[in-house]
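Coordinates in review
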Amino acid sequence: MLPLLNSLYADCGLSSDEALTDWIAGRIREVTVSVDLIPFRRMRKWLVDPSSGNLIHESGRFFSVEGLEVKTDCGNVRVWHQPIVNQPETGILGIIAKETDGVMHLLMQAKIEPGNGNYVQISPTLQATKSNYNRIHRGKTPLYLEYFQKVRPENIMLDQLQSEQGARFLKKRNRNIIILTDDENIPLRDDFRWMTVAQVKRLMRTDNAVNMAARTVLSGIAWGELARSEFTGLAEVFPFFDSHHVSTSGRDLWMSSLATEGIHSTERILSWLSQLKFRHELHVKQIPLNALAEWHAGENEIARADRRFFRIVGAEIMIDNREVNSWCQPFVQPVQDGICAFIIKKIHGVYHFLVQAKLECGNFDVFELAPTVQYLADNSAENPYAPPFLDCVLQAEKKQILFDVMLSEEGGRFFREQNRNMMVIAGDDFDETPPETFIWMTLGQIHTFLKFGNYLNIQARSLISLIDFR
């Protein structure tokens, strides 16, 4: 545990922050990328099914874009149609770690994803779908794949099956895994560098520097557990836990991450979530893409008549350092940026996070735990469908905001999609009695749920990964 904690507070690793910044800038300059939106009929190896209108790959693998009919008894809208990405295979999001001079280092990749606005972002060592690492595309084998295929159980530091975006994917998830290597001769490729956790977290505070895949893997790291009665003397237990290394907010968040007790027990939180799943229904039915109500399929896009939410577009891509250098594919393109935010408040001396149970059509089990605010369209407090607490986030004063950064969604399936990620400290007058689909949890309790798949959604995990305790 100590090398990992040292990694969290290390001021420098095998490379300095400046060297890493220069390296990333160099990769952006040196790699050639071209992404052009094209009509669906020009997408090589992709077919528009003549009977359903679904977009499918000629191999029958990778993913497809299909139609979905959704019915529920929860929320303002009870019935709707939408396109959905159907990718019925589990990918790998994997990071290789090694200990050097008592500090854990992570092998991170400067990866180009065609949907990213800035193309190059820091990603896990390995980020591959099953179709990719089985070479359905007949391209090169992903680098470092063999380390994950041959890893011994005792060298696995983290191993979770976690969900993807429930409003865009149909029951999609990936294996989030961190493995420890003692191989001193592991090759360092041009697109890879060793970084400490602290260095990755510092990069996360820069707009669109660290991708969604890296954030979801790192969110799974828990930093220990303590009962509240054990909080005294933390400086003696953890030498860095003092005012020279940790800010007041960092110390308070650290205490919340250690807290296995909150105003609600873990059993109470499980019961609350189980009751919601029992009380509410979610019925989804796959239907032809050309049968969607309120959606229109044209030569260049599939979109709603009112231009809300998102659209489906086609693209031709050329990247000179990928397993395959040129290909075509559909993308989900949002109509505007979204906002994801946690409101936190100190209750009985410990920071609690206001977590919502959010229903999304692609969820495995009706609800997943989500940020206080997760809103991906019409981000205006005056909108009649604006979610609870949006005004509290948008009107927060600077002193209340712990971080505020724009971060990209998954750049392999989403085109230029990004969200404003925020963490806001509530004022003393903030009502501690939330609506029925919200509950207060300590950060330690959140990490308890993070040990298991399909509890915390990917937007919540992204926000959790941004906490650096400094």
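Residue positions within a chain follow its written sequence, with the count starting from 1. In view of the model being predicted, local features appear only for residues whose pLDDT reaches at least 70, and side-chain atom pairs are presented and counted only at 80 or more, with totals across whole chains, interfaces and linings using the full set of residues. As a convention, hydrogens and water are excluded, and side-chain values are obtained from all of the structure's heavy atoms.

So, the pairing of strand 6 (residues 91–100)
Test applied: Each residue is assigned to one of three classes by its accessible area relative to the maximum for its type, calculated with a 1.4 Å probe on protein chains only: buried under 20%, partly exposed between the two thresholds, exposed over 50%. Each helix is a run of DSSP H or I of at least 4 residues and each strand a run of E of at least 2, with the numbering of both proceeding from the N terminus. A pair of strands is treated as paired once DSSP finds two or more bridges between them.
Extensive coverage of strand 6 is indicated by the burial of nine of its ten residues. Bridge count between strand 6 and strand 11 (residues 173–180): seven bridges; the pairing is parallel. Bridging across to strand 11, Ile96 finds its partner in Ile179. Bridging between strand 6 and strand 9 (residues 126–128) involves three bridges; their strand directions are antiparallel.

Focus on helix 12 (residues 458–465)
The periodicity of an α-helix, 3.6 residues per turn, causes residues three or four places apart in sequence to face the same way. Counting buried positions along helix 12 gives eight out of eight residues, so the element sits mostly inside the fold. Among the residues of helix 12, Ile458, Gln459, Ala460, Arg461, Ser462, Leu463, Ile464 and Ser465 are the ones counted as buried.

Remarks on the environment of Gln199
Threshold: When checking whether two residues touch, look at their non-hydrogen atoms; a contact exists if any pair is within 4.5 Å.
Tracing the sequence through the fold places Gln199 in helix 5 (residues 197–204). Judged by relative accessible area, Gln199 falls into the buried class, the value being 2%. Sequence spacing of Gln199 and Leu106 is 93 residues, and the spatial spacing of their C-alpha atoms is 9.8 Å. Once you skip the residues sitting within four places of it in the chain, Gln199 turns out to touch Cys12, Gly13, Ser15, Ser16, Asp17, Leu20 and Trp194.

Focus: the pattern of salt bridges
Here is the rule: Here, a salt bridge means any Lys or Arg side-chain nitrogen found within 4 Å of an Asp or Glu carboxyl oxygen.
Applying the stated criterion to the full structure yields 20 salt bridges. Residue Arg175 pairs with Asp159 through a salt bridge whose shortest N-O separation is 2.6 Å. With a gap of 16 residues between them, Arg175 in strand 11 and Asp159 in strand 10 (residues 156–163) connect regions that are remote in the sequence. Two residues, Glu294 and Arg304, come together in a salt bridge whose shortest N-O distance is 3.2 Å. With Glu294 in the loop between strand 13 (282–287) and strand 14 (295–297) and Arg304 in strand 15 (residues 301–304), this pair connects stretches of sequence that are ten residues apart. Overall, Glu294 belongs to the exposed group, its relative accessible area being 57%. The buried category is assigned to Arg304, whose relative accessible area is 12%. Among the charged side chains, a salt-bridge network with shared partners connects Arg27, Glu30 and Asp191.

What to know about the packing of aromatic side chains
For any pair of aromatic rings, the description rests on two quantities: the centre-to-centre distance and the angle between the ring planes. How we decide: Working definition: rings of Phe, Tyr and Trp (its six-membered ring) pair if their centres are within 6.5 Å, and the pair is stacked with planes under 30 degrees apart, edge-to-face with planes over 60 apart, and tilted otherwise. In this scheme, Lys NZ or Arg CZ marks a charge over a ring once it lies within 6 Å of the ring centre and within 35 degrees of the ring normal.
In total, this model carries 13 aromatic pairs according to the counting rule given. For the ring pair Tyr144 and Tyr147, a centre distance of 6.1 Å and an interplane angle of 45° mean the geometry is tilted. A residue is classified by how much of its surface remains accessible, and Tyr144, at 3% relative accessible area, is buried. Here the aromatic rings of Tyr144 and Phe192 are separated by 4.8 Å at their centres, their planes lie at 70°, and the arrangement is edge-to-face. Separated by 48 residues along the polypeptide, Tyr144 in the loop between helix 3 (130–133) and helix 4 (145–149) and Phe192 in strand 12 (residues 192–195) bring together distant segments of the chain. What makes Phe192 buried here is its relative accessible area of 1%. Sitting over the face of the ring of Phe364, Arg173 holds its NZ or CZ atom 4.7 Å from the ring centroid. Seen from the ring of Tyr351, Lys346 lies directly overhead, with NZ or CZ sitting 5.3 Å from the centre.

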